[in-house]
Amino acid sequence: EMEAKYTRKMQALRDELDLRRKTEIHELEERKNTQISELIGNHEGAFGAIKNYYNDITAKNLTLINLLKEQVEELKKKEAVLEKEKADVVRENKGLAEPLHEAQELVAELQKKLVNYYRDKEALMNSKAHLKIAQKELKDLKWEHEVLEQRFSQVQEERDDLYQNFTRAINEVQQKTGYKNLLLERKLHGLLTLLEQKEVELSEVLAASSLDPSALSLVSHKLEDVLNSKNATIQDLQIQLARVCKAHNDMLQTFEAKLTAFGIPLDNLGFQPLSFPIPGQ
């Protein structure tokens, strides 16, 4: 029973599958026929379009060929005319060859002159530029020359004033220094003479008066104090004299340096400034 049952089922399944296959084959046939019909229609349309296209092209080409034939005929006619004109031009060229040669020579010569002209023009422009620069430099140099002349005149005036003031100051300083040195030397000489007199008088007093040793010692101490005071005064005077001499010499060196800075020779003074030796040297 089971075998018969499944046999029936298999037969039914075969029948169903066979029906389905037939249906699908029929559908495929219909789709194929439809596509074939569409392709045939499309091909016929495309063939008709191509046929019309090439017919149009053929017609246009025929028209163009006819037009080109006409143009060729016209060009031949024009060529004949141009050949004739060419022959005339060749004859004219033969007649113009010699003038052309002369003109070419003239052009070559003019080109050389033009090159020389451009070169001369450039040289002239450079010369003008250099001239402008030179004129500006000359103007600046003139201005500097005027300024230097004014400064030179001013420096000459300052030099003359300085020379006069220097001469006057040298004379005044020499006079004052000489007077002061002379007074100091006289004062020092007088003090030394007074000291010697006092020492002599003291010796005479001590010799004349028979003082006891204690009084003599007291007088000696007082005398030493007086001598120390006088020696201190003498030393102070010597120091003052040395300061005055040094100040005088420093002033001379300063004026000589100023004269050298202004370019004034020392020989132009007309006298030799005296430099005092510093006492103790």
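Residues numbered from 1 in each chain as written. Predicted model: local features only at pLDDT ≥ 70, side-chain atom pairs only at ≥ 80, totals over all residues. Heavy atoms only, no water.

1. Details of the overall build of the protein
Next, step 1: Along the backbone of the protein there are two helices and zero strands.
Next, step 2: When burial is assessed residue by residue, the protein has 9% of its 281 residues classed as buried.
Next, step 3: Long-range pairs, those at least 24 residues apart, make up 83% of the contacts in the protein between residues at least 6 apart in sequence. (Helix = DSSP H or I, 4+ residues; strand = E, 2+ residues; numbered from the N terminus. Buried < 20%, exposed > 50% of the residue type's maximum accessible area, 1.4 Å probe, protein only. Contact = heavy atoms within 4.5 Å.)

2. Some remarks on empty space enclosed by the protein
Next, step 1: Evaluated as defined, the whole model comprises one cavity of 30 Å³ or more.
Next, step 2: Reported here for the largest cavity is a volume of approximately 40 Å³.
Next, step 3: Lining the largest cavity we find Leu-184, Glu-185, Leu-188, Leu-237, Gln-238 and Leu-241.
Next, step 4: At the level of secondary structure, the elements contributing two or more residues to the lining of the largest cavity comprise α1 (2–208) and α2 (213–261).
Next, step 5: Of the residues belonging to the lining of the largest cavity, the class tally is four nonpolar, one polar and one charged. (1 Å grid on protein atoms, 1.4 Å probe; cavity = no way out; pocket = protein on both sides within 12 Å on 5 of 7 lines; lining within 4 Å. Points joined across faces, edges and corners; volume = space filled by probe spheres on them. Nonpolar A, V, L, I, M, F, W, Y, C, P; charged D, E, K, R; others polar.)

3. Here's the deal with the pattern of salt bridges
Next, step 1: The tally for this structure, following the rule as stated, stands at eight salt bridges.
Next, step 2: We note a salt bridge from Arg-91 to Asp-88, for which the minimum N-O separation is 1.9 Å. Of this pair, Arg-91 and Asp-88 are both found in helix α1, three residues apart, which corresponds to roughly one turn of the helix.
Next, step 3: A relative accessible area of 52% places Arg-91 in the exposed class.
Next, step 4: Measuring nitrogen to oxygen at the nearest pair gives 3.3 Å for the salt bridge that ties Lys-136 to Asp-140. In this pair, Lys-136 and Asp-140 are both assigned in helix α1, four residues apart and thus about one turn of the helix distant.
Next, step 5: By relative accessible area, Lys-136 is classed as exposed at 55%.
Next, step 6: Overall, the relative accessible area of 34% leaves Asp-140 in the partly exposed class. (Salt bridge = Lys/Arg side-chain N within 4 Å of Asp/Glu carboxyl O.)

4. Section: the environment of Lys-230
Next, step 1: As for its position among the elements, Lys-230 is in helix α2.
Next, step 2: Separated by 35 residues in sequence, Lys-230 and Leu-195 place their C-alpha atoms 8.2 Å apart.

5. Some details on the packing of aromatic side chains
Next, step 1: Tallying each qualifying case throughout the model produces two aromatic pairs.
Next, step 2: Ring geometry for Tyr-53 and Tyr-54: centres 5.3 Å apart, planes at 75 degrees, overall edge-to-face.
Next, step 3: Both rings, one in Tyr-117 and one in Tyr-118, keep their centres 5.8 Å apart while their planes meet at 50 degrees; by these two values the pair is tilted.
Next, step 4: When its relative accessible area of 45% is taken as the criterion, Tyr-117 is described as partly exposed. (Phe/Tyr/Trp six-rings, centres within 6.5 Å; stacked < 30°, edge-to-face > 60°.)

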